[in-house]
Amino acid sequence: MPKQQEQEVTVEVDGHRLKISNLDKVLYPATGTTKGEVLHYYAQVAPVLLPHLADRAVTRIRWPNGTGEGSFFEKNLPPGAPDWLRYETVSSTGSRGGGDTISYPVVESLAALTYLANLASLELHVHQWTFGRNHQPKNPDRLVVDLDPGAPAGLHECAQVALLVRDKLADLGLASAPVTSGSKGLHLYAALPGRKNAEEVRDLAQQIAKELSGSHADLVLWQMTKAKRPGKVFLDWSQNTASKTTISPYSLRGTDAPYVAAPRTWAEVEEGAEKKDALRQLDLDAVMERVAADGDVFGRELGTAPKG
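Note that the coordinates shown come from a computational prediction; the quantities given were computed from them, not determined experimentally.

## A short note on the overall build of the protein
Working step 1: For the protein, the helix and strand inventory stands at seven helices and 18 strands.
Working step 2: Relative to a compact globule of 308 residues, whose C-alpha radius of gyration would be 19 Å, the protein shows 19 Å and is just as compact.
Working step 3: C-alpha atoms of the protein, sized along the principal axes, occupy 60 × 45 × 45 Å.
Working step 4: Each of the 308 residues in the protein was classed as buried or not, and the buried ones make up 52%.
Working step 5: Pairs at least 24 residues apart make up 66% of the contacts formed inside the protein by residues separated by at least 6 positions.
Working step 6: Per element, the accessible surface of the protein, about 14,300 Å² overall, is 48% carbon and sulfur.

Shown next, in the form of C-alpha cells:
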C-alpha cells in the first residue's frame with residue numbers, strides 16, 4: 001500500500017511561520033487525544049509555562065506514534081531546527097548525550113514551544129539551574145524533591161510527607177510549591193537564592209530526606225533500595241544533581257491519558273493528607289480550566305510569580 005501522505009498546514013506564531021503536520025493523529029490512545037489537542041493545550045498554558053522554562057536547557061521525551069508506542073529522549077537541538085530557535089551548548093556528562101557536547105534548545109516563546117510540540121515532544125524536562133550571561137550553567141535557583149510512593153502507598157501518603165518536607169523547608173526560610181507529577185507521586189519545589197552549587201543543593205535535599213526518614217521511619221524512605229519501598233514514600237533527593245532533570249511544571253506526561261505535572265495549592269495537599277482520595281492526578285482539560293481561572297498557581301506558591 002502507498003504510504004499515507006502527511007497532512008500539513010502552515011501557521012504563523014510570534015511572527016514565525018511553522019509547518020504543522022498530522023493534527024488529527026492520536027497521541028493518547030486511551031482518550032483519543034490528538035496532536036491538535038496537544039498543541040492547543042500548550043498554547044493555552046504557555047503564559048504560565050514559559051516563565052518556568054526561561055533560560056533552562058530543555059530535554060524532551062518524544063512519542064512520534066503516540067504513547068501506545070515507543071518513545072525516545074532528545075537532548076540536542078532537533079535536526080532541521082529553525083535558526084531562530086535559541087540553543088546553548090554545554091559539555092556532555094555522558095548520560096544520553098551522544099557526544100562531547102550537547103546543544104540544548106531553550107524554550108522562550110510560544111513559537112519554540114509549538115515547534116517542539118509538533119515533533120510529539122510531550123514531556124519537557126529541565127534542570128534546576130539556568131544559563132547565565134556567559135552561556136554557562138549558574139547555581140540552581142530551585143530545589144526539588146520527588147515524592148515517589150511504593151504501593152500500596154499513593155498520593156494520600158505523598159501529601160502527608162509533602163507537609164513534613166514543607167515544614168523542614170520553612171524552617172530554612174524557603175517557600176515551597178507542590179506539583180502532582182502526572183504519574184504516581186508528587187514533586188515539591190523550593191525557591192533558592194542561588195548561593196549553593198548543585199552538589200550542595202543535592203546534599204541539602206538528602207539531609208532533609210534522612211532526617212524525615214529517621215523521625216517518620218514508618219512512612220518516609222531516603223534510600224533508593226526498591227525492596228524497602230512498599231508502603232512508604234521515597235524522597236528522591238538526587239534530581240538536584242547538575243546533570244539530572246525533572247518534568248517541568250505544566251508539562252504533559254507520556255501516559256496513556258494526557259495527564260499533566262500539575263501545580264497544586266497547599267490547601268489541596270492539606271486536604272489530600274486528611275482524606276484518602278481527595279488528591280488525584282489532573283489531565284490537560286482540568287489544568288487548562290485551572291489556569292484560565294487561577295493563573296500561575298506554581299509561581300504564586302513558590303513566590304516567583306510577577307507582582308501585581
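Once the structure has been displayed, the description carries forward.
## Thoughts on a nonpolar patch on the surface
Working step 1: On the surface, a nonpolar cluster with roughly 180 Å² of combined accessible area is contributed by Val9, Val11 and Leu23.
Working step 2: The residue Leu23 is located in the loop between β2 (16–21) and β3 (26–28) in this model.
Working step 3: Judged by its relative accessible area of 32%, Leu23 is partly exposed.

## Some thoughts on the packing of aromatic side chains
Working step 1: Applying the stated criterion to the full structure yields three aromatic pairs.
Working step 2: Geometrically, the ring pair formed by Trp129 and Phe131 is edge-to-face, given 5.3 Å between the ring centres and 85° between the ring planes. Comparing Trp129 with Phe131, the two get one shared label, buried.
Working step 3: Centre to centre, the rings of Tyr189 and Phe298 are 5.2 Å apart; their planes meet at 85°, and the pair counts as edge-to-face. In this pair, Tyr189 is assigned in strand β12 (residues 186–191) and Phe298 in helix α7 (residues 297–302), connecting sequence segments 109 residues apart.
Working step 4: Lying across the ring of Trp266, Arg166 places its NZ or CZ 4.7 Å from the centre.
Working step 5: One residue, Lys210, lies across the ring of Trp222, its end atom 4.7 Å from the ring centre.

## Observations concerning helix α3 (residues 155–171)
Working step 1: The terminal C-alpha atoms of α3, which comprises 17 residues, lie 24 Å apart, in line with the 24 Å expected from a rise of 1.5 Å per residue.
Working step 2: Turning to α3, its buried residues are Leu155, His156, Glu157, Cys158, Ala159, Val161, Ala162, Leu163, Leu164, Val165 and Leu169.
Working step 3: With its phi angle positive at about 80°, Gly173 sits one or two positions after the end of α3.

## Topic: the sheet that holds strand β6 (residues 72–74)
Working step 1: Spatially, the four strands line up as an open sheet ordered β6-β5-β9-β15, and their pairing is antiparallel. Two strands close off the open sheet at either side, each with one partner strand: β6 and β15 (246–247).
Working step 2: Of the strand pairs in this sheet, strand β5 (residues 58–62) and β6 are connected by three bridges, and their pairing is antiparallel. The residue of β6 that forms the bridge with Ile61 is Phe73.
Working step 3: Set on the sheet, helix α1 (residues 35–53) makes contact with β5 and β9 (121–126); between it and β9 the angle comes to about 10°.

## Side note on empty space enclosed by the protein
Working step 1: Summed over the entire model, instances satisfying the criterion amount to one cavity of 30 Å³ or more.
Working step 2: Considering only enclosed or pocket space, the largest cavity measures out at about 60 Å³ in volume.
Working step 3: Residue contributions to the lining of the largest cavity peak at four residues, all from helix α6 (residues 284–294).
Working step 4: By residue class, the composition of the lining of the largest cavity is six nonpolar, one polar and two charged.

## A closer look at the sheet that holds strand β10 (residues 142–149)
Working step 1: The sheet built from six strands is open, its strands ordered β13-β14-β10-β12-β11-β17 with mixed pairing. Pairing within the sheet leaves two strands with one partner each, and these edge strands are β13 (220–221) and β17 (262–263).
Working step 2: Strand direction decides the pairing type here: β10 and strand β14 (residues 233–236), joined by four bridges, are antiparallel. Residue Pro149 lies in a different strand from β14, and its bridge partner there is Val233.

About the criteria used
Residues numbered from 1 in each chain as written. Predicted model: local features only at pLDDT ≥ 70, side-chain atom pairs only at ≥ 80, totals over all residues. Heavy atoms only, no water. Helix = DSSP H or I, 4+ residues; strand = E, 2+ residues; numbered from the N terminus. Rg over C-alpha atoms; globule rule 2.2 N^0.38 Å. Buried < 20%, exposed > 50% of the residue type's maximum accessible area, 1.4 Å probe, protein only. Contact = heavy atoms within 4.5 Å. Areas by Shrake-Rupley, 256 points an atom, 1.4 Å probe, with all protein chains shown as cover. Patch = residues over 30% accessible without salt bridge, like charges linked within 9 Å, V, L, I, M, F, W, Y side chains within 5 Å. Salt bridge = Lys/Arg side-chain N within 4 Å of Asp/Glu carboxyl O. Phe/Tyr/Trp six-rings, centres within 6.5 Å; stacked < 30°, edge-to-face > 60°. Lys NZ or Arg CZ within 6 Å of the ring centre and 35° of its normal. Expected span 1.5 Å × (residues − 1). Pairing = 2+ DSSP bridges. Axes fitted to C-alpha atoms, helices over the stretch in contact; angles between N-to-C directions. 1 Å grid on protein atoms, 1.4 Å probe; cavity = no way out; pocket = protein on both sides within 12 Å on 5 of 7 lines; lining within 4 Å. Points joined across faces, edges and corners; volume = space filled by probe spheres on them. Nonpolar A, V, L, I, M, F, W, Y, C, P; charged D, E, K, R; others polar.

No statement about biological role is implied by the geometric values presented.
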